[in-house]
Amino acid sequence: MRRDVVKVNLPDSEIPRQWYNIIADMPVKPSPYYSPVTGKVVVPEEMEAIFPRELLVQEMSTDRFIDIPEEVRELYRQWRPTPLFRARGLEKLLDTPARIYYKYEGTNATGSHKLNTALAQAYYNKKAGIRRLSTETGAGQWGSALSMACSHFGLDCTVYMVKVSYEQKPYRRSFMRTMGARVIASPSNLTASGRAILEKDPDSTGSLGIAISEAVEDAATHSDTNYSLGSVLNHVCLHQTVIGLEAKKQLEMIDEYPDVIFACCGGGSNFAGLVFPFLMDKFKGSKLRAVAVEPTACPTLTKGVFAYDYGDTAKVAPIVKMYTLGHDFVPAGIHAGGLRYHGASAIVSQLYHDGFIDAVAYGQKSVFEAAVTFARAEGIIPAPESSHAIRAAIDEAVRAKEEGRERVILFNLSGHGYFDMSAYDLYFEDRLEDVEYREEAVMKSIQALPKIAE
Ligand SMILES: *Cc1c(COP(=O)(O)O)cnc(C)c1O
């Protein structure tokens, strides 16, 4: 281990040339998707109404490595490889024998890891002759990433933004508009799914599940338009593996290997991105621990059920076997908007079910406390989502101190929080509430799960 490390940079030539497809190495593969229309296993043709063929091939691929197109890799060069930092300020503050490292994915203009997949998805859609992409955004990071990617490839972009975020985060809206996107508050009256929600509840503040329904409907009803999803799907997790592939090289360069890795988990893509390349070793016997960190307001892995469920509220997206709180479950409006999804990636879910990864949940007050501690010690203001991983990393470092043992901790700083300053203000004014998920709401929602005969 090299003692003097502050930051590990890699040259451009070390940007990965291939993504890592963990499915190739999983002892139990994720279950196939089912069609909400036929109730049978989805055939690729059904999904071709909304996705380009090359992404569907990736979605179902069992090849261990998949080439990154040169054009995408060239765009990655604008900000990749991303730095790996040693959290010296935080270590000192905590007076811990643990060594803490973090991979920082917030160095691009959109401020999160999501650009890794947005560029790839826009590329394959452009190649397939598509003119416009539709999508949803919760916190605004995904909408920002896709807007920028579409602008790179000359595609139009329509973003259905969950209404509560549309109102909470006006500058995310401005960012997307600057990149040329059309931003619509969801639920809207532009789609049948949006109108159905508004009829029942005109004041609905929206949810990711509702916004997905609107975006999918938009794509399915326009032949020149495809749909794009920022998390959950296999190909999204695949594209994010550049994070872990780089981090592995960076740690190797300084002769380190993590004992434990933390990443926050909404749909699971930044967790997948950092953790999957390390799980390659775990399948061969490494003792490494990987922990997904979620909010207590939307505790999909720690409190959900492992079952088939719809990916969205209006039941237009495929049915996925995953940990879920039920597609009708609308989590409280916590400020980590990117973690408010009722389900999780099928791959991450299967790995959790099979005991390869762990999960923990935290309330938002303790998460913001960790965020502020980190900001003051390290000089980067973290996204509320990423701060879940910080909370868990700090607690692990404190345990290391109590046990008087060294430990190498790695976490994903999936994004910065510079568009989330109003949430920080609420924290300083003691106006943030710790919201527990409502167990009755989940029980009720789970009764509406689809019945799939495997
Ligand atoms: C969207 C987002 C997340 C949550 O999504 P995952 O797919 O679980 O990674 C986490 N952190 C940031 C900064 C995000 O923008």
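If you're wondering where the values come from, they're calculated on a predicted model, not measured in any experiment. (Residues numbered from 1 in each chain as written. Predicted model: local features only at pLDDT ≥ 70, side-chain atom pairs only at ≥ 80, totals over all residues. Heavy atoms only, no water.)

Asks: How should I be thinking about the overall build of the protein chain in this particular structure?
Replies: Scanning the protein chain for helices and strands turns up 19 helices and 15 strands. Here the C-alpha radius of gyration of the protein chain, 20 Å, is about what a compact globule of 454 residues would show, namely 22 Å. Projecting the C-alpha coordinates of the protein chain onto the three principal axes gives extents of approximately 60 × 50 × 45 Å. The buried share among the 454 residues of the protein chain stands at 65%. Pairs at least 24 apart in sequence give 76% of the contacts found in the protein chain among residues at least 6 apart. Surface exposure of the protein chain reaches about 17100 Å², of which carbon and sulfur atoms provide 50%. Of the side chains in the protein chain, 50 bear a positive and 57 a negative charge, and the two mean positions are spaced by 2 Å. (Helix = DSSP H or I, 4+ residues; strand = E, 2+ residues; numbered from the N terminus. Rg over C-alpha atoms; globule rule 2.2 N^0.38 Å. Buried < 20%, exposed > 50% of the residue type's maximum accessible area, 1.4 Å probe, protein only. Contact = heavy atoms within 4.5 Å. Areas by Shrake-Rupley, 256 points an atom, 1.4 Å probe, with all protein chains shown as cover. Lys, Arg positive; Asp, Glu negative; His and termini not counted. Charge placed at Lys NZ, Arg CZ, Asp CG, Glu CD.)

Asks: Looking at this structure, how should I read the layout of surface pockets?
Replies: Any empty space left between atoms is shown by rolling a water-sized probe over those atoms. Volume-wise, the largest pocket comes out at about 360 Å³. When residues of the lining of the largest pocket are traced back to their parent elements, those giving at least two are helix H9 (192–200) and helix H10 (208–220). A total of four residues in the lining of the largest pocket trace back to one element, the largest contributor, which is H9. Its residues assigned to classes, the lining of the largest pocket comprises five nonpolar, eight polar and four charged. Counting only domains with at least three residues in the lining of the largest pocket, you end up with domain 1 (7–15 + 81–111 + 243–446) and domain 2 (46–67 + 112–234). (1 Å grid on protein atoms, 1.4 Å probe; cavity = no way out; pocket = protein on both sides within 12 Å on 5 of 7 lines; lining within 4 Å. Points joined across faces, edges and corners; volume = space filled by probe spheres on them. Nonpolar A, V, L, I, M, F, W, Y, C, P; charged D, E, K, R; others polar. Domains from an automatic or database assignment.)

Asks: Sorry if this is basic, but what is going on with the side chain of serine 112 here?
Replies: Here serine 112 is to be found in the loop between strand S5 (98–104) and helix H5 (115–127). In this structure the side chain of serine 112 is engaged in a polar contact, spanning 3.1 Å, whose partner is the backbone nitrogen of lysine 114. Dropping the residues within four chain positions of it, serine 112 is found in contact with Glu105, Gly106, Gln141, Ser414 and Gly415. (Polar contact = N/O pair within 3.5 Å; in protein donor to acceptor, adjacent residues only side chain to side chain.)

Asks: Help me understand the site of the ligand in this model?
Replies: For the ligand, the set of nearby residues contains 19 residues, the closest of which are Lys114, Ser231, Gly266, Ser269 and Ser414. Interatomic distance of 2.7 Å between a backbone N/O atom of glycine 266 and an oxygen atom of the ligand. Contact between the ligand and asparagine 270: an oxygen atom at 2.8 Å from a side-chain N or O atom of the residue. About the coverage of the ligand: the protein hides 98% of its 380 Å² of free accessible area. Among the cavities detected, the one that contains the ligand is the largest cavity. The set of elements that each furnish at least two residues to the shell around the ligand consists of helix H13 (269–282) and helix H17 (384–403). Per-class residue counts for the shell around the ligand are four nonpolar, 13 polar and two charged. Taken domain by domain, the shell around the ligand gets at least three of its residues from each of domain 1 (7–15 + 81–111 + 243–446) and domain 2 (46–67 + 112–234). (Near = heavy atom within 4 Å. Sits in = over half its atoms within 2 Å of the grid points.)

Asks: Got a minute to help me understand the domain arrangement of the protein chain in this structure?
Replies: Interface size is often expressed as the accessible area that is lost when the parts come together. Splitting the protein chain by domain gives domain 1 (7–15 + 81–111 + 243–446) and domain 2 (46–67 + 112–234). Computed from C-alpha coordinates alone, the two centres of domain 1 and domain 2 are separated by 23 Å. Each partner contributes residues to the interface: domain 1 has 35 residues there, and domain 2 has 32 residues. Across the domain 1/domain 2 interface, buried area totals approximately 2600 Å², and carbon plus sulfur atoms make up 61% of it. In this assembly, domain 1 and domain 2 are joined by one salt bridge. The salt bridge involving aspartate 420 is made with lysine 169; its shortest N-O contact spans 2.9 Å. The interface formed by domain 1 and domain 2 includes eleven residue pairs in polar contact (both at pLDDT 80 or more). The set of elements that each furnish at least two residues to the side of domain 1 that touches domain 2 consists of H13 and helix H15 (346–353). Tallying contributions element by element places H13 first for the side of domain 1 that touches domain 2, with three residues. Looking at side-chain class alone, the side of domain 1 that touches domain 2 contains twelve nonpolar, 18 polar and five charged residues. (Buried area = accessible area lost by both parts, 1.4 Å probe. Salt bridge = Lys/Arg side-chain N within 4 Å of Asp/Glu carboxyl O.)

Asks: Is there a simple way to think about the sheet that holds strand S7 (residues 156–162) in this case?
Replies: Strand pairing in a sheet is mediated by backbone hydrogen bonds. Such pairs are either parallel or antiparallel. Pairing is parallel across the open sheet formed by four strands, whose spatial order is S8-S7-S6-S9. Bordering the open sheet on either side are strand S8 (182–186) and strand S9 (225–227), each of which pairs with just one other strand. The average undirected angle you get between the axes of adjacent strands in this sheet is 25°. Where strand S6 (residues 132–137) lies against S7, six bridges are found, and the strand directions are parallel. Counterpart to leucine 133 in the pairing with S7 is cysteine 157. Against the sheet, helix H6 (residues 141–153) touches S6 and S7, its axis set at about 165° to S6. Together, S6, S7, S8 and S9 form the strand contacts of H10, whose direction differs from that of S6 by roughly 170°. (Pairing = 2+ DSSP bridges. Axes fitted to C-alpha atoms, helices over the stretch in contact; angles between N-to-C directions.)

Asks: Explain the environment of leucine 238 here, please?
Replies: Tracing the sequence through the fold places leucine 238 in helix H11 (residues 234–240). Linking leucine 238 and glycine 273, residues 35 residues apart in sequence, is a C-alpha distance of 7.2 Å.

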